[in-house]
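Secondary and tertiary structure notes
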Amino acid sequence: MHFIDIHPLISLKSKNLSTNHETPFFRQGIVPAVNQIPHFLFFLDYKLTLKGMAYTSALIVDLLSQRTCEFLFEKNADIINSTNSGPYFYYAYFEQEGKVSFHQFNFLNFSDKEFMILKRHSTSSLGDVRLLGLDDRHVFVFDPGPQPDISCFYQVKLLVDALNGQTHPVPDRLGNDFFSRLQDAWLLDGGKFLTVKTGRIQWWEKKEFWKQNVTHYTDRIETLALCRTDDLIRCIQAGQDIPWTIIDQSDCSSALRMLGDHDQCLYYSKQDFQSGCTTIYKYSLYPSPHRADILYQFKGEFEQVFFHANEGYGIRWTDEKRNELELVRLNGMCPLFRTQGRIVHTDGKFVLTAEPTNPKSEKPLLLLYDISKKSVIRQIHDRSVFYDRYGDQMILY
């Protein structure tokens, strides 16, 4: 397992960050941005205020030159992009008189332009407004509207052209489901495909409904669907329905989970409550037509499932008291490791865990274990960490 420590590159900049209009805050720090491209790392500096999370600036780390740049947003961002649209980062902030200013920021050349101002529709939480960047000029803006409807949550759905500010209403039909029930979205293969999941519910919530014999509730239907991004944009601009490909769907007797997205495939699971069986699929984008292959089938469920080098791993609790986690290789359901800490990542030979330390410290103690020897081979203090899949490495910051 390879580590890169970029803390020396960003520590001085993150300590000296300031804003053009200071407001009281409870906590501040930096978090990785969802936008990532090879050889670069993008971070956002945040402050937790009474109104929620506010993002004050962007940090750009060039891994090849070992240089770091900082860009201070004109105003703190209230809403940020939630899809990996490469170097193009979309954000918005609320102005006076109920208006919202939308911006596109380029992580590579530091250009920042306002492309649209809209009247704020949402009366709900700021976090309910969604920005889904699609490419270098197109972004979805989803807003619950003045009177949110639980059954069709996003009442306002717009495709916006950041180049000219033009907006187009987004068709709601998604097979026998509705796009307004969006839970999450992902861009695959460098932005060539958009994958979406509907059903604003978690699998354990659906399972609890099943145990209670409740079969009629708002989010019993979940849909996993995909569309080529250029086809999606073209059809919306032409006023046509989006040509979705339905990957899978669940009702009140089952639950869908998106497990991982990679350049040319995605992984998802479907849990059947009647049989208690979970099936994990690999859905390949190429060759066309797309296909879903069964990778693993097993009884029960895992709290988390992830993949490394095409090998699947699951994390589950060993008892009802949730005192200990177990790492399992899904091929053969082979238990590998147990810990009372949090399992961060594994490559099959080593496993990285995060152990709680001083309550005043925001960063845990990181421990690297040799799985075969069940022994700690490295301790890492005063660092946060995330996995960089482009470089297949752990980033310490």
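It should be emphasised that the depicted structure is a prediction, and the values quoted were computed from it without experimental measurement. (Residues numbered from 1 in each chain as written. Predicted model: local features only at pLDDT ≥ 70, side-chain atom pairs only at ≥ 80, totals over all residues. Heavy atoms only, no water.)

1. Section: the overall build of the protein chain
Check the secondary structure of the protein chain and you find 3 helices and 33 strands. The C-alpha atoms of the protein chain give 22 Å as radius of gyration, which agrees with the globular expectation for 397 residues (21 Å, within 12%). Across its three principal directions, the C-alpha atoms of the protein chain cover 60 × 50 × 40 Å. Here the protein chain holds 397 residues, and 51% of them are scored as buried. Expressed as a percentage of contacts within the protein chain between residues at least 6 apart in sequence, the contacts between residues at least 24 apart total 42%. Entry remark: accessible area of the protein chain is about 19000 Å², with carbon and sulfur atoms responsible for 48%. Computed over 44 positive and 48 negative side-chain charges, the separation of the two mean positions in the protein chain equals 3 Å. (Helix = DSSP H or I, 4+ residues; strand = E, 2+ residues; numbered from the N terminus. Rg over C-alpha atoms; globule rule 2.2 N^0.38 Å. Buried < 20%, exposed > 50% of the residue type's maximum accessible area, 1.4 Å probe, protein only. Contact = heavy atoms within 4.5 Å. Areas by Shrake-Rupley, 256 points an atom, 1.4 Å probe, with all protein chains shown as cover. Lys, Arg positive; Asp, Glu negative; His and termini not counted. Charge placed at Lys NZ, Arg CZ, Asp CG, Glu CD.)

2. Here's the deal with the environment of Asp241
By the element assignment, Asp241 lies in the loop between α3 (229-237) and β19 (245-250). Separated by 39 residues in the primary sequence, Asp241 and Gln202 have C-alpha atoms spaced 28 Å apart. What Asp241 contacts, discounting residues up to four positions off in sequence, is Pro171 and Cys235.

3. Brief notes about the sheet that holds strand β10 (residues 130-133)
The antiparallel open sheet is built from 4 strands, whose spatial order is β10-β11-β12-β13. Because the sheet does not close on itself, it has two edges, and the strands there are β10 and β13 (167-169). Averaged over neighbouring strand pairs, the angle between their axes works out to 25° when direction is ignored. In the sheet, strand β11 (residues 138-143) pairs with strand β12 (residues 156-161) via 6 bridges, with the strands oriented antiparallel. Looking at the pairing, His138 lines up with Asp161 of β12. Each of β11, β12 and β13 is contacted by α3, which is oriented at about 65° to β11, the strand it contacts most. (Pairing = 2+ DSSP bridges. Axes fitted to C-alpha atoms, helices over the stretch in contact; angles between N-to-C directions.)

4. Digging into the pattern of salt bridges
In the structure shown here, the tally under the stated rule is 20 salt bridges. Glu222 is the salt-bridge partner of Lys206, the closest N and O atoms lying 3.0 Å from each other. Separated by 16 residues along the polypeptide, Lys206 in helix α2 (residues 203-211) and Glu222 in strand β18 (residues 222-228) bring together distant segments of the chain. Judged by relative accessible area, Lys206 falls into the buried class, the value being 0%. By relative accessible area, Glu222 is classed as buried at 1%. (Salt bridge = Lys/Arg side-chain N within 4 Å of Asp/Glu carboxyl O.)

5. A closer look at the side chain of Asn35
Positionally, Asn35 belongs in the loop between β2 (27-32) and β3 (40-49). Residue classification places Asn35 among the buried residues on the basis of a relative accessible area of 0%. Separated by 3.3 Å, the side chains of Asn35 and Ser85 make a polar contact. When residues no more than four places from it in sequence are discounted, the contact partners of Asn35 are Phe42, Asn81, Thr83, Asn84, Ser85, Gly86, Tyr88, Phe89 and Phe107. (Polar contact = N/O pair within 3.5 Å; in protein donor to acceptor, adjacent residues only side chain to side chain.)

6. Some thoughts on the confidence of the model for the protein chain
On average, the protein chain scores 91 in pLDDT, and the residues at 70 or more come to 94%. Highest mean pLDDT in the protein chain belongs to α3 (98); lowest belongs to helix α1 (residues 7-15) (75). In the predicted structure, residues 16-21 sits below a pLDDT of 50 and forms 12 contacts with residues beyond four places in sequence or in another chain. (pLDDT = per-residue confidence, 0-100.)

7. Brief notes about the sheet that holds strand β24 (residues 304-308)
Pairing within the open sheet is antiparallel, and its 4 strands lie in the order β24-β25-β26-β27. At either margin of the open sheet sits one strand with a lone partner, and together these are β24 and β27 (334-339). Along the sheet, successive strands turn relative to each other by an average axial angle of 25°, direction set aside. Relative to strand β26 (residues 325-329), strand β25 (residues 311-317) is paired through 5 bridges, and the arrangement is antiparallel. Residue pairing in the sheet places Arg316 in a bridge with Glu326 of β26.

8. Brief notes about the nonpolar core
Core analysis: the biggest nonpolar cluster contains 22 residues, and Phe140, Phe179, Leu194, Val196, Leu232 and Trp244 have the highest contact counts within it. Put simply, the parts of the chain that give this core at least two residues each are β11, β16 (182-188), β17 (193-198), β18 and α3. Beyond its immediate stretch of four places on either side in the chain, Phe140 contacts Arg130, Leu131, Leu132, Leu134, Leu158, Leu159, Val170, Phe179, Leu194, Leu232 and Ile236. (Core = buried A, V, L, I, M, F, W, Y, C linked by side-chain atoms within 4.5 Å.)

9. Considerations on the environment of Arg27
Positionally, Arg27 belongs in strand β2. Classification of Arg27 by relative accessible area gives partly exposed; the value is 36%. Beyond its immediate sequence surroundings of up to four residues, Arg27 is in contact with Tyr46, Lys47, Leu48 and Glu362.

10. Here we look at unusual backbone geometry
With glycine set apart, most residues show a phi of negative sign, and most peptide bonds adopt trans. Of the consecutive residues Tyr286 and Pro287, the connecting peptide bond is found in the cis state with omega at -5°. Relative to the assigned elements, Pro287 resides in the loop between β22 (277-284) and β23 (291-299). Cis peptide bonds are those with omega within 30 degrees of zero, and the linkage from Ser288 to Pro289 qualifies with 0°. Mapped onto the secondary structure, Pro289 falls in the loop between β22 and β23. The backbone phi angle of Asp189 is positive, close to 50°, even though this residue is not glycine.

11. What to know about α3
For α3, the full list of buried residues reads Thr229, Leu232, Ile233, Cys235 and Ile236. Elements in contact with the buried residues of α3: β11, β12, β13, β16, β17 and β18.

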